[in-house]
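For reference, the chains in residue letters:
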Amino acid sequence: MSGGHGHGDSQVNSGPKGSDTHKHKDKHKDKDHRHKDHKKDKEREKFKHSNSEHKEHSEKKHRDKEKLKHSDGSSDKHREKHKEKDREKRREEKIKSSHDKPKKEKENGYVRAISPAAIKSEPEEDNGFYPSPQHKSSKREYDDEAFEYKPKKVKSEHDKKAQKRKHEYEDDEEDEDIKPKKKTKDKKVTEGKKGKKEEEEKWKWWEEERYTDGSKWRFLEHKGPVFAPPYEPLPDKVKFYYDGKPMKLSAPAEEVATFFAKMLDHEYTTKEIFRKNFFKDWRKEMTSEEKSKITDLNKCNFSEINEYFKAQSEARKQMSKEEKQKIKEENERLLQEYGFCVMDNHKERIGNFRIEPPGLFRGRGDHPKMGMLKRRIRPEDIIINCSKDSKHPKPPPGTKWKEVRHDNKVTWLASWTENIQGSIKYIMLNPSSRIKGEKDWQKYETARRLKKCVDRIRAQYREDWKSKEMKIRQRAVALYFIDKLALRAGNEKEEGETADTVGCCSLRVEHVKLYPKMDDQEYVVEFDFLGKDSIRYYNKIPVEKRVFKNLQLFLENKQPEDDLFDRLNTSILNKHLQELMDGLTAKVFRTYNASITLQQQLKELTCPDDSIPAKILSYNRANRAVAILCNHQRAPPKTFEKSMQNLQSKIDEKQNQLSAARKQLKAAKADHKASHDDKSKKAVEVKRKAVQRIEEQLMKLQVQATDREENKQIALGTSKLNYLDPRISVAWCKKWGIPIEKIYNKTQREKFAWAIDMAEKDYEF
DNA sequence: CGCCGAACTTAGCAAACCTAAC
DNA sequence: GTTAGGTTTGCTAAGTTCGGCG
């Protein structure tokens, strides 16, 4: 079913955005840049190579097949049944939906398809498969083994490092104490108009021991969350009309109506599911009178309300500076009061101290629950977590918390249950906090441990492709994809509760197509599915013959909506991984492959003689390779074309300037030749300088243009923030004398303070 | 096991903010 | 001082993993 469409045609992407059509662009996009490099070819070579290598085994396969199908015993019966149910459902739905609409039709026109694997490059040494990381990780390891107590020896080493760093960062004083203090860094920001910003002097939590008992903190005190402001009824002059007649709504009904009214410009208010869900939930808020009157959403006219809110936001923009300032100050006050907590003697920033306001739920992609009312959260819904001996947060006057508990095995400060999916939401600390940072660091250390044994693991799964047991083969092929393509694990999801998206283990038959031959390649697998956030993953890759044959086997006698890996799920996979390496799970591969790719691309792309902007372009390209690998996409910015044009005209202008300057230089030279005097010689120098300067500026602009163009629909942020060991970037900056600010903005520097502090220029992931 | 809830990480979008160009 | 345009931040949805229970 999914097969029919060419890749530009029919997929959804999630954005609740206006619809424009970019469909075709993507296609071209695929082809041109990002394949400039020869990686792909190398890769192809490799595959050819390994394919032939294993040719001789292929016949035996057939014999094995029969055995295979039954060899994994009966224990899956249950799951089988369950899965079967799902499939059945899907089949039905499909039949239904295939009439009304091409499934997964684009909501806003553009299709997000690029070829993630295209850039993924692997070092050349062909030791059978992947390169072996032979390097020994240097110096102190974060030791990742379950919160082991680290004696102070760590410290001395840090001291040394700290010395070196001193002139660069001049914040050195090690041991923190309890109170907030003045900040020393980031002068530019602090010294400006309001140089009084108070902040805790950098506390180097990474130089301290961690808890070994599984507890996350000893002391925790905070002021509780900030609630959404209460509903303010509309002024009487702003009217809602039903069937053409004005109608005053009760406050609760009106509030929900405003949620809808505010979204009128969004495409999704036109979607049937959205409207249906909204109307159903809206009616629940109505008085019985309203309920009996308002029976048809199509007869509702919210436009006056919509206008009103537009005017409001316009008015907000037009506010005087003083008024704006006042609001800003108020926000700042709120932040100071509620935005921090004290955890184990340190004041730490809270990530999200505001409770999510009520509104209409908009899931991403084709979400069955879109439009449902997300209800207002009250103190009675909130569970507070803090230490017993702390000053407990006070609920707003006249209210109570649902519960106050003192659980130091978790990191959250408050939680509530959300009404759409029934899941729990949390208030937690900012990424710059110790508790997040430690975890982050640990994550990269796990990935580095994987580096040490990845060869073994790869050898293992390659071996498992031949296993007699179906389950093991499936596991091995899935793992291969996770490793090679950086796919997500792919948990099963409850049908009808969320958008239909998949990851590796939950891939269905309809998501892959096999091509024994394609152009000049053999054994090509085409992936086409919606992943997390309903972002489309589209990729064609040649695989080894054995993988291909296995896939054919897995596909036998199955319907499009059946699971590709019917004997596999994430828990089986992760259990296996756990046995291969302590702490290994599917997502570690993503982290590992992302980080190793960055490191390796940086090595490859950075030219020592390049200017700083050119080096940064290289960095961005390396970053981009990772983003492509991980399929981190974004909608092309609305103003992309225009901004591109602007940039181009700037370039043109520069070019003109340059030729003018060159002419002048020439003239000056001629002049000098003629006169040979000092003055004309000087003039030549001046002109030469001018030319040079303009050349540089031009270069910079061109670099910028390239960078932007290449980045059109690729989002670098996600990988930078979540997948790339920051120490790689820090080391790169140090090695090439690039100011860290060029790579990480303020927030990022805060999050990665640990890495900035500890990584030296020779750091190896 | 299989299932489920809890906890925590990862994700893209859009509002807010900032800054450089008029 | 405005505005245009880029960048940052906030928001919150959507994943993964883990552990406990029957």
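Residues numbered from 1 in each chain as written. Chains lettered and ligands numbered in written order. Predicted model: local features only at pLDDT ≥ 70, side-chain atom pairs only at ≥ 80, totals over all residues. Heavy atoms only, no water.

(A) View of the packing of aromatic side chains. As enumerated under the stated definition, the model contains 28 aromatic pairs in all. Ring plane angle 40 degrees and centroid distance 6.3 Å describe the contact between Phe260 and Phe274, whose orientation is recorded as tilted. Taken together, the positions of Phe260 in helix α7 (residues 251–262) and Phe274 in helix α8 (residues 272–285) put the pair 14 residues apart, joining distant regions of the chain. Summarising the burial analysis for this pair, Phe260 and Phe274 share the class buried. (Phe/Tyr/Trp six-rings, centres within 6.5 Å; stacked < 30°, edge-to-face > 60°. Helix = DSSP H or I, 4+ residues; strand = E, 2+ residues; numbered from the N terminus. Buried < 20%, exposed > 50% of the residue type's maximum accessible area, 1.4 Å probe, protein only.)

(B) Up close: the UniProt feature "domain: DNA topoisomerase I eukaryotic-type" (unreviewed entry) in chain A. Per the UniProt annotation, the sites labelled "domain: DNA topoisomerase I eukaryotic-type" (unreviewed entry) are residues 360–737. Secondary structure within residues 360–737 divides into 51% helix and 11% strand; the distance between the first and last C-alpha atoms comes to 49 Å. (UniProt positions renumbered as here; feature names shortened; annotations may be inferred.)

(C) Seen up close, the sheet that holds strand β10 (residues 403–405). Here we have 4 strands laid out as an open sheet, ordered β10-β9-β11-β12, and mixed in their pairing. With partners counted over all chains shown, the strands left at the sheet margins are β10 and β12 (424–427), one partner each. Strand-to-strand twist of the sheet, defined as the mean angle between neighbouring strand axes without regard to direction, takes the value 20 degrees. For strand β9 (residues 383–385) and strand β11 (residues 414–417), the ladder comprises 2 bridges, and the chain directions are antiparallel. Paired with Ile383 across the two strands is Ser415, which belongs to β11. (Pairing = 2+ DSSP bridges. Axes fitted to C-alpha atoms, helices over the stretch in contact; angles between N-to-C directions.)

(D) Main features of the protein's contact with DNA strand C. In the neighbourhood of DNA strand C, 32 residues make up the surrounding shell, with Arg364, Lys425, Gly490, Lys587 and Thr747 lying closest. Atoms of DNA strand C within 4 Å of the protein belong to the sugar or the phosphate in 86% of instances, the rest to bases. Here a phosphate oxygen of DNA strand C sits 2.4 Å away from a polar atom, N or O, in the side chain of Lys425. Side-chain polar atom of Ser643 to a phosphate oxygen of DNA strand C: 3.2 Å apart, as the coordinates give it. The set of elements that each furnish at least two residues to the surface near DNA strand C consists of α16 (586–605) and α18 (640–675). Counting residues per element, the surface near DNA strand C draws most heavily on α18, which supplies 3 residues. Among the residues forming the surface near DNA strand C, the class breakdown is 4 nonpolar, 14 polar and 14 charged. (Near = heavy atom within 4 Å. Polar contact = N/O pair within 3.5 Å; in protein donor to acceptor, adjacent residues only side chain to side chain. Nonpolar A, V, L, I, M, F, W, Y, C, P; charged D, E, K, R; others polar.)

(E) Representation of the nonpolar core. Counting 83 residues, the largest nonpolar core has Leu450, Phe481, Phe527 and Phe565 as its most contacted members. Top contributing element to this core by residue count: helix α13 (residues 470–485), with 9 residues. Two domains each put at least three residues into this core: domain 3 (436–587) and domain 4 (596–758). With sequence-adjacent residues up to four places away left out, Phe527 is seen in contact with Phe481, Leu485, Leu507, His511, Val512, Tyr537, Tyr538, Asn539 and Ile541. By size, the runner-up hydrophobic cluster in this structure holds 28 residues, among which are Ala261, Leu297, Phe302 and Ile305. (Core = buried A, V, L, I, M, F, W, Y, C linked by side-chain atoms within 4.5 Å. Domains from an automatic or database assignment. Contact = heavy atoms within 4.5 Å.)

(F) View of unusual backbone geometry. Positive phi, normally seen in glycine, also occurs at Asp243, with a value near 55 degrees. Looking at the element boundaries, Asp243 is found in the loop between β2 (240–242) and β3 (245–247). With a phi angle near 55 degrees, His676 is a residue other than glycine that sits in the positive phi range. In this structure, His676 sits in the loop between α18 and α19 (678–710).

(G) Fine view of the pattern of salt bridges. In total, this model carries 41 salt bridges according to the counting rule given. With its nearest N and O atoms 3.1 Å apart, the salt bridge here joins Arg364 to Asp533. Of this pair, Arg364 sits in the loop between β7 (359–360) and β8 (373–374) while Asp533 is found in the loop between β14 (521–530) and β15 (536–542), placing the two residues 169 residues apart along the sequence. Of the residues examined, Arg364 reaches a relative accessible area of 54% and is grouped as exposed. Here the salt bridges do not stand alone but share partners, grouping Lys223, Glu330, Arg333 and Glu337 into one network. (Salt bridge = Lys/Arg side-chain N within 4 Å of Asp/Glu carboxyl O.)

(H) Spatial organisation of the environment of Arg488. With respect to the helices and strands, the residue Arg488 is situated in the loop between α13 and β13 (512–518). Taking relative accessible area as the criterion, Arg488 reaches 32% and is therefore assigned partly exposed. Between the C-alpha atom of Arg488 and that of Glu329, which follows or precedes it by 159 residues, the distance is 43 Å. Sequence-distant contacts of Arg488, defined by excluding residues within four places in its chain, comprise Ile482, Gly503, Cys504, Lys532 and Arg590.

(I) Spatial organisation of the pairing of strand β5 (residues 340–343). Both strand β1 (residues 220–221) and β5 contribute to a ladder of 2 bridges, which runs antiparallel. The residue bridging Glu221 from the neighbouring strand is Val342, located in β5. Sheet topology note: the β5/strand β6 (residues 346–349) ladder contains 4 bridges and is antiparallel. In the strand pairing of β6, Cys341 is matched with Glu348. Hairpin connection from β5 to β6: 2 residues lie between these consecutive antiparallel strands, with Asp344 at a positive phi of about 45 degrees.

(J) View of the domain arrangement of chain A. By the assigned domains, chain A splits into domain 1 (240–318), domain 2 (323–430), domain 3 (436–587) and domain 4 (596–758). Computed from C-alpha coordinates alone, the two centres of domain 3 and domain 4 are separated by 37 Å. With both sides pooled, the region where domain 3 packs onto domain 4 buries about 1,100 Å², and carbon together with sulfur makes up 53% of that total. Taken together, the links from domain 3 to domain 4 amount to 1 salt bridge. Taking the shortest distance from any N to any O, the salt bridge between Glu445 and Arg727 comes out at 2.6 Å. The tally of links from domain 3 across to domain 4 stands at 7 residue pairs in polar contact (both at pLDDT 80 or more). Elements supplying a minimum of two residues to the side of domain 3 that touches domain 4: α12 (434–464), α13 and β15. (Buried area = accessible area lost by both parts, 1.4 Å probe.)

(K) Representation of the UniProt feature "active site" (unreviewed entry) in chain A in the model. Those places that UniProt annotates as "active site" (unreviewed entry) correspond, in this numbering, to Tyr723. Relative to the assigned elements, Tyr723 resides in the loop between α20 (717–722) and α21 (726–736). The class of Tyr723 is buried, set by a relative accessible area of 16%. Discounting residues that sit within four places of it in the chain, Tyr723 has contacts with Tyr444, Arg590, Thr591, Ala594, Ser595, His632 and Thr718.

(L) Just the sheet that holds β13, in detail. Read from one edge to the other, the open sheet built from 3 strands follows the order β13-β14-β15, with strand pairing classed as antiparallel. Sheet topology places β13 and β15 at the edges, where each strand pairs with a single neighbour. Within the sheet, the average angular offset between the axes of one strand and its neighbour, ignoring direction, is 15 degrees. Sheet topology note: the β13/β14 ladder contains 6 bridges and is antiparallel. Looking at the pairing, Val512 lines up with Phe527 of β14. Strands β14 and β15 of the sheet are contacted by α13, whose axis makes an angle of about 100 degrees with β15. Set on the sheet, helix α14 (residues 545–555) makes contact with β13 and β14; between it and β13 the angle comes to about 135 degrees.

(M) Molecular detail of the confidence of the model for chain A. Of all residues in chain A, 74% attain a pLDDT of 70 or more, and the chain-wide mean is 78. In this model, residues 1–81 is a region of pLDDT below 50 whose contacts with residues beyond four sequence positions or in other chains number 168 contacts. This model gives residues 94–200 a pLDDT under 50, and the stretch forms 252 contacts once residues within four places in sequence are excluded. (pLDDT = per-residue confidence, 0-100.)

(N) The arrangement of α8 in detail. Its 14 residues give α8 an end-to-end C-alpha distance of 20 Å, which sits within 8% of 20 Å, the value for a rise of 1.5 Å per residue. All of the buried residues in α8 are Phe274, Arg275, Asn277, Phe278, Phe279, Asp281 and Trp282. Packing partners of the buried residues in α8 comprise β2, α7, β4 (300–301), β7 and β8. (Expected span 1.5 Å × (residues − 1).)

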